[in-house]
Amino acid sequence: MNNKTINKGRIAYIEAIRCIALFFVVLAHVVAIPVQKWSGETGVEYGLYVICYAIGNFGVPLFLMITGTLLLQRDKNITLDKLFHKMLPRILVPLVVWGFIFACLEIYFETRSINFSMIPDAVLRVLNKESWGHLWYLYMLIGVYLFLPVLKVMANNLSEKFHLYLCIVLFILGYVFPQINILFGTTITVNAPLPLCHFACVWYGYCINRFGDRKRVKQVIYGFGTISILVLVIFSLFSGHGQYSVLARYDGPFVVGASALIYLVVFQLLKDGQIPKILLLLADCSFGIYLLHPVIMNVLYKVVKLQPTQFPALISIPICALIFIIPTWLGVAIAKKIPFIRKLV
């Protein structure tokens, strides 16, 4: 595919989706804790929070689709040497360093004291995936990266028919079965312990990039994506307290359907276009913003004791999202100019 690239070979629609996905992730974090602790009845305010939570969950599938687009394309070579010496360390080193720092901060929030015993405790929390919750994505991404060479071989050698077959199988095993199990309390499964929904998103990103111009592909994604958004919005407005996560899940078929629609729309609009430089700068800092914005969030929620629910949702949610993003963006932009530290953001 001949994508018009900008600024040293960067692809416009990829960078735009990266910015959108970052905002969605931050949005989910803004509303997640208030929604979980919500004590009021079903109403418009609660519905707005749940809609934002559902929209926020589009961020992870979009990031994984970017991974598939960039790493599974035909001209991309993934050797085991490159995987273990370059790709995995880029994820593992920030995970260990920031995971340890965040674990220490959480221990301090819990005990209000600083002592040497927090060091082994923090290390153990990182090993047990018990540091700050948003780091689950990096643990998951390591698993996805380990299987990328296999996906790459499949991407290079499968016929179009088998590309479609794999899309359908991953959708059924990774999304349909988990959703049925949640809705009806069943245990329908196939003996595949891997998080297939995450592999599905990687594969879908690659397939949209390769086949996104096909009429049938666009019809399926536009149709199911539109239905997915309607279902999520309607369910958010009319679901009862505590039911917000039944459909708005990373492994929910409607979440991936809506995410694929957003991905395809941006792909169609910007595959031969450009985006403003400010969005390129934001995309440059997206990884660091993802890692560090919970610092501001935790200070706001745990130290200042300020919750978005103290103000009208239409005001507090976007303002909190900007408060989490903008200062973190500035800090990351500075950190990226400092040797050694820039490798952590």
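Residues numbered from 1 in each chain as written. Predicted model: local features only at pLDDT ≥ 70, side-chain atom pairs only at ≥ 80, totals over all residues. Heavy atoms only, no water.

Draft legend 1. Focus on the overall build of the chain. Counting secondary structure elements, the chain contains 14 helices and two strands. Computed over its C-alpha atoms, the radius of gyration of the chain comes to 20 Å, within 12% of the 20 Å expected for a compact globule of 345 residues. C-alpha extents for the chain along the principal axes are approximately 60 × 50 × 45 Å. A separation threshold of at least 6 residues defines the contact pool for the chain, and within that pool the share at least 24 residues apart is 82%. Total accessible area on the chain is roughly 17,200 Å²; 68% of this is exposed by carbon and sulfur atoms. Side chains of the chain give 29 positive and 14 negative charges; the mean places of these two sets differ by 8 Å. (Helix = DSSP H or I, 4+ residues; strand = E, 2+ residues; numbered from the N terminus. Rg over C-alpha atoms; globule rule 2.2 N^0.38 Å. Contact = heavy atoms within 4.5 Å. Areas by Shrake-Rupley, 256 points an atom, 1.4 Å probe, with all protein chains shown as cover. Lys, Arg positive; Asp, Glu negative; His and termini not counted. Charge placed at Lys NZ, Arg CZ, Asp CG, Glu CD.)

Draft legend 2. Representation of the confidence of the model for the chain within the structure. Chain-level pLDDT for the chain is 88 on average; 93% of the residues reach the 70-or-more range. Contacts of residues 1–7 to residues separated by more than four positions or lying in other chains number 23 contacts, the stretch itself having pLDDT below 50. (pLDDT = per-residue confidence, 0-100.)

Draft legend 3. Expanded view of the environment of Leu 330. Inspection of the secondary structure assignment puts Leu 330 in helix H14 (residues 313–335). C-alpha separation for the pair Leu 330 and Thr 111, spaced 219 residues apart in sequence, amounts to 30 Å.

Draft legend 4. A look at the layout of surface pockets. By volume, the second largest pocket amounts to about 660 Å³. Counting residues per element, the ones that place at least two in the lining of the second largest pocket are helix H8 (160–184), helix H9 (196–211), helix H10 (215–238) and helix H11 (253–270). A class-by-class count of the residues in the lining of the second largest pocket yields 14 nonpolar, three polar and three charged. (1 Å grid on protein atoms, 1.4 Å probe; cavity = no way out; pocket = protein on both sides within 12 Å on 5 of 7 lines; lining within 4 Å. Points joined across faces, edges and corners; volume = space filled by probe spheres on them. Nonpolar A, V, L, I, M, F, W, Y, C, P; charged D, E, K, R; others polar.)

Draft legend 5. Structural context of the pattern of salt bridges. Applying the stated criterion across every chain, the model contains eight salt bridges. Note that Asp 213 is salt-bridged to Lys 271, the shortest N-O span being 2.4 Å. A residue pair is termed long-range when its members are at least 10 positions apart, and Asp 213 in the loop between H9 and H10 and Lys 271 in the loop between H11 and helix H12 (277–284) qualify at 58 residues. A salt bridge links Asp 251 to Arg 249; its shortest N-O distance comes to 2.9 Å. Residue classification places Asp 251 among the buried residues on the basis of a relative accessible area of 16%. Overall, Arg 249 belongs to the partly exposed group, its relative accessible area being 26%. Bridged by salt links that share partners, the residues Arg 10, Glu 15, Arg 18 and Asp 284 form one connected network. (Salt bridge = Lys/Arg side-chain N within 4 Å of Asp/Glu carboxyl O. Buried < 20%, exposed > 50% of the residue type's maximum accessible area, 1.4 Å probe, protein only.)

Draft legend 6. Layout of the side chain of His 134. Among the structural elements, His 134 can be located in the loop between helix H5 (118–127) and helix H6 (136–146). Setting aside residues no more than four positions away along its own chain, His 134 makes contact with His 29, Phe 102, Tyr 290, Leu 291 and Pro 294.

Draft legend 7. Layout of helix H1 (residues 12–36). Compared with the 36 Å implied by 1.5 Å per residue over 25 residues, the 36 Å span of H1 between its first and last C-alpha is a close match. Taking burial as the measure, the 25 residues of H1 include 21 buried ones, the bulk of the element. (Expected span 1.5 Å × (residues − 1).)

Draft legend 8. Molecular detail of H10. With 24 residues, H10 should cover 34 Å at 1.5 Å per step; its first-to-last C-alpha distance of 35 Å lies within 8% of that length. For H10, the complete set of buried residues consists of Ile 221, Gly 225, Ser 228, Leu 232 and Ser 236. Looking at the packing, one finds that the buried side of H10 touches helix H2 (44–56), H9 and H11.

Draft legend 9. Just the packing of aromatic side chains, in detail. According to the stated counting rule, one finds 18 aromatic pairs in the structure shown. Ring centres of Tyr 108 and Phe 109 lie 6.2 Å apart, and the angle between their planes is 50 degrees; this geometry places the pair in the tilted category. An angle of 55 degrees between the planes, with centres 5.2 Å apart, marks the rings of Trp 203 and Tyr 206 as tilted. You can see Trp 203 and its partner Tyr 206 sitting in helix H9, three residues apart, about one turn around the helix. Like Trp 203, the residue Tyr 206 is buried in the burial classification. By the ring-pair criterion, three or more aromatic residues cluster together here, those being Phe 63, Trp 136, Tyr 137, Tyr 250, Phe 287 and Tyr 290. Taking NZ or CZ as reference, Lys 129 lies 6.0 Å from the ring centre of Tyr 139, over its face. (Phe/Tyr/Trp six-rings, centres within 6.5 Å; stacked < 30°, edge-to-face > 60°. Lys NZ or Arg CZ within 6 Å of the ring centre and 35° of its normal.)

Draft legend 10. Layout of a nonpolar patch on the surface. A grouping of Ile 229, Leu 230, Val 233, Ile 234, Leu 237 and Phe 238 is seen on the molecular surface, where their side chains present a nonpolar patch of about 560 Å² in accessible area. Along the chain, Leu 237 turns up in helix H10. (Patch = residues over 30% accessible without salt bridge, like charges linked within 9 Å, V, L, I, M, F, W, Y side chains within 5 Å.)

Draft legend 11. Geometry of the packing of H9 against H11. Packing of H9 against H11 leaves a shortest axis separation of 11 Å and a crossing angle of 30 degrees. When the axis of H9 is compared with that of H11, the two are roughly parallel. Our pair here, H9 against H11, has a crossing hand that is right-handed. Of H11, the residues touching H9 (which contributes Cys 201, Tyr 204, Gly 205, Ile 208 and Asn 209) are Val 256, Ala 260, Tyr 263, Leu 264 and Phe 267. Its residues assigned to classes, the contact of H9 with H11 comprises eight nonpolar, two polar and no charged. (Axes fitted to C-alpha atoms, helices over the stretch in contact; angles between N-to-C directions. Parallel < 35°, antiparallel > 145°, perpendicular 65-115°, else oblique. Left-handed = near helix turned anticlockwise from the far one by under 90°.)

Draft legend 12. Quick peek at unusual backbone geometry. At Lys 129, a residue that is not glycine, the phi angle is positive and equals roughly 60 degrees. Of note in the backbone geometry, Phe 340 takes a positive phi value of approximately 75 degrees without being a glycine. With respect to the helices and strands, the residue Phe 340 is situated in the segment after H14. On the accessibility criterion, Phe 340 (71% relative accessible area) is exposed.

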